[in-house]
Amino acid sequence: MNVLRSLTERKEWKFFGVLLKADPGLAAVWWMALLLRGTLPAVFAIAMGVLVGAVQHGQALGGPLTFAGAVFVLLQVLGPIHQSVSSNLGDRTAAWLYDRLTEACVNPPGMGHLEDPALTGDLTVARDFDLE
């Protein structure tokens with residue numbers, strides 16, 4: 001249980017959790033595109049093997065060609081789609097984080113918490129999050 005807690009407390013896991021909070025639907029599309037981009041090259045290799053096997057055995061080529069062609073087209077179009085989804089999800093995540101930052105600054109009564117030098121540095125880092 002201690003290993004699981006130390007894993008989920010890592011900053012990467014917190015970041016991926018924020019993606020789901022910022023826009024669950026877009027995050028699901030992003031994860032699906034990521035998984036497809038990881039598996040489609042292997043599926044394409046299998047499709048080519050099926051196609052080559054069909055040619056070598058003199059079988060009908062309609063199914064294997066359709067399968068290989070569909071996977072090839074997916075490989076070509078999934079990159080730009082994933083890029084666009086990533087950009088939109090990044091913008092939504094930044095907006096969500098800015099909203100949380102604003103709430104953290106205006107919810108406590110008074111201005112004293114905003115004058116704390118340690119907090120000022122943290123607020124600057126949080127504000128400049130997506131400028132890099």
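Structure: above.
On a predicted model such as this, the values are computed, not experimentally measured, just so you know.

A.B. asks: Which residues make up the environment of Arg 37, and what values go with them?
C.D. replies: With respect to the element layout, Arg 37 can be found in helix α3 (residues 24-56). Looking at Arg 37, the relative accessible area reads 41%, which means it is partly exposed. Considering only alpha carbons, one finds Arg 37 and Gly 79, 42 residues apart in sequence, at a separation of 7.5 Å. Beyond its immediate sequence surroundings of up to four residues, Arg 37 is in contact with Leu 78, Gly 79 and His 82.

A.B. asks: Lay out helix α2 (residues 11-22) in plain terms, naming residues and giving numbers.
C.D. replies: Taking 1.5 Å of rise per residue, the twelve residues of α2 would be expected to cover 16 Å, and the 16 Å separating its terminal C-alpha atoms lies within 8% of that figure. Those residues of α2 not exposed but buried are Val 18, Leu 19 and Ala 22. Mapping the buried residues of α2 onto a view down its axis gives an arc of 105°, with all of them on the same face.

A.B. asks: Account for the packing of α2 against helix α4 (residues 62-106), naming residues and giving values.
C.D. replies: Running from N to C, α2 and α4 point in directions that differ by 90°, and their axes come no closer than 9 Å. On the basis of the axis angle, α2 is roughly perpendicular to α4. Note on element contacts: α4 touches α2 through Leu 89, Arg 92, Thr 93, Trp 96 and Leu 97, opposite Val 18, Leu 19, Lys 21 and Ala 22.

Conventions we followed
- Residues numbered from 1 in each chain as written.
- Predicted model: local features only at pLDDT ≥ 70, side-chain atom pairs only at ≥ 80, totals over all residues.
- Heavy atoms only, no water.
- Helix = DSSP H or I, 4+ residues; strand = E, 2+ residues; numbered from the N terminus.
- Buried < 20%, exposed > 50% of the residue type's maximum accessible area, 1.4 Å probe, protein only.
- Contact = heavy atoms within 4.5 Å.
- Expected span 1.5 Å × (residues − 1).
- Arc of directions from axis to C-beta.
- Axes fitted to C-alpha atoms, helices over the stretch in contact; angles between N-to-C directions.
- Parallel < 35°, antiparallel > 145°, perpendicular 65-115°, else oblique.

That's the geometry; what it means functionally is another story.
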